[in-house]
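Tertiary structure, described
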There are 2 protein chains.
Amino acid sequence: MSLDQIEYFVAIAEEGNIGRAALRLHISQPPLSRQLRRLEDELGAPLFERHPRGVTLLPAGTRFLQHARSVLREVDRARRAVAERPPDPHT
Amino acid sequence: MSLDQIEYFVAIAEEGNIGRAALRLHISQPPLSRQLRRLEDELGAPLFERHPRGVTLLPAGTRFLQHARSVLREVDRARRAVAERPPDPHT
DNA sequence: TCAAATTACGGTCGACGTAAGGATC
DNA sequence: GATCCTTACGTCGACCGTAATTTGA
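All values reported here derive from a predicted model rather than from experimental measurement.

1. Observations concerning the protein's contact with DNA strand C
- Around DNA strand C, the surrounding shell holds 20 residues, and the nearest of these are R38 of chain A together with I18, S33, R50 and R53 of chain B.
- In DNA strand C, atoms within 4 Å of the protein come from the sugar-phosphate backbone in 71% of cases.
- One nitrogen or oxygen atom from the side chain of Q35 of chain A is found 3.4 Å from a phosphate oxygen belonging to DNA strand C.
- Within the side chain of R37 of chain B, one N or O atom sits 3.2 Å away from a phosphate oxygen of DNA strand C.
- Among the secondary structure elements, those contributing two or more residues to the surface near DNA strand C are α3 (29-43) of chain A together with α2 (18-25) and α3 (29-43) of chain B.
- Broken down by element, the surface near DNA strand C gets its largest block of residues, five residues, from α3 of chain A.
- Class assignment for the residues of the surface near DNA strand C results in eight nonpolar, six polar and six charged.

What follows is the structure, encoded as structure tokens:
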């Protein structure tokens, strides 16, 4: 699993459509479709149901989504924690 | 930033020594040292102070560490959330 | 001088993009 | 037949490991 895969997954979940998610992520559909497949393979279960006009979350995907968002939020906080100046006890 | 880099960083912080962390991670020192450097470059600040016998966390590193651990914990929960069977309202 | 970290270098594995191929309505 | 997802294929960049170099007590 990679942070990219997690970000890709969230985008697909939010767009409900791999093609639109690819546009938003500035990559093309095939790599995005492949990364989703690899994520599902690694997790051992499908996360979306494929339909003719898009994809919809399966229960496992819905459960995964919550934690996926937490991961991305924590990464963002980690970045900002480094930039942030440590509190000065004298002020 | 990648999950590998985060895992590498935590290992180095816990071992206080890049060589030992490399043993624990089953990789060699050079790639580990390089990944740490890249992480620091991307974050725009050093996370460790280099000493002749190892490394010690700088304040920014200490702040980063907490969020790094949260990220890894959340990834683990994400994995398990997929494996977990959803609650059945009938039981 | 010794232990640890870093840089150099070559090889391999992974990810992307374009193009072609299904599948479903 | 139109739209979306997927497979095929070739290229390029990223990461690793071995070996050599540097740094600091």
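2. Side note on the pattern of salt bridges
- If you walk through the whole model with that rule in mind, you get 16 salt bridges over all chains.
- Three or more residues joined by partner-sharing salt bridges are found here, namely E14, E15, R20, R24 and R69 of chain A.

3. Quick word on the relation of the copies chain B and chain A
- Once chain B has been moved 0.0 Å along the axis and rotated by 180°, it coincides with chain A to within an RMSD of 0.1 Å. Such a combination of turn and shift is consistent with a two-fold rotation axis. In terms of C-alpha distance to the rotation axis, chain B has V71 of chain B as its closest residue, with the C-alpha 2.6 Å off the axis.
- Taken as a fraction of all interface residues of chain B, those also at the interface in chain A reach 100%, which identifies the copy contact as same-surface.

4. Some details on the interface of chain B and chain A
- Counting residues at the interface gives 23 residues for chain B and 23 residues for chain A.
- Buried surface at the junction of chain B and chain A, summed over both partners, amounts to about 2,100 Å²; 71% is from carbon and sulfur atoms.
- Taken together, chain B and chain A are joined by ten residue pairs in polar contact (both at pLDDT 80 or more).
- Contributions of two or more residues to the side of chain B that touches chain A are made by α1 (3-15), α3 and α4 (59-83) of chain B.
- Of all the elements, α4 of chain B adds the most residues to the side of chain B that touches chain A, at 13 residues.
- Here the side of chain B that touches chain A is composed, by residue class, of 14 nonpolar, three polar and six charged.

5. A closer look at the protein's contact with DNA strand D
- Residues in contact with DNA strand D amount to 22 residues; listed here are only the nearest, I18, G19, S33 and R50 of chain A together with R38 of chain B.
- In DNA strand D, atoms within 4 Å of the protein come 68% from sugar and phosphate.
- Separating a sugar or linking oxygen of DNA strand D from a side-chain N or O atom of R53 of chain A is a distance of 3.4 Å.
- Secondary-structure elements contributing two or more residues to the surface near DNA strand D are α2 (18-25) and α3 of chain A together with α3 of chain B.
- Classifying every residue of the surface near DNA strand D by side-chain character gives eight nonpolar, eight polar and six charged.

Rules used in this analysis
Residues numbered from 1 in each chain as written. Chains lettered and ligands numbered in written order. Predicted model: local features only at pLDDT ≥ 70, side-chain atom pairs only at ≥ 80, totals over all residues. Heavy atoms only, no water. Near = heavy atom within 4 Å. Polar contact = N/O pair within 3.5 Å; in protein donor to acceptor, adjacent residues only side chain to side chain. Helix = DSSP H or I, 4+ residues; strand = E, 2+ residues; numbered from the N terminus. Nonpolar A, V, L, I, M, F, W, Y, C, P; charged D, E, K, R; others polar. Salt bridge = Lys/Arg side-chain N within 4 Å of Asp/Glu carboxyl O. Least-squares fit on C-alpha atoms with pLDDT ≥ 70 in both. Contact = heavy atoms within 4.5 Å. Buried area = accessible area lost by both parts, 1.4 Å probe.

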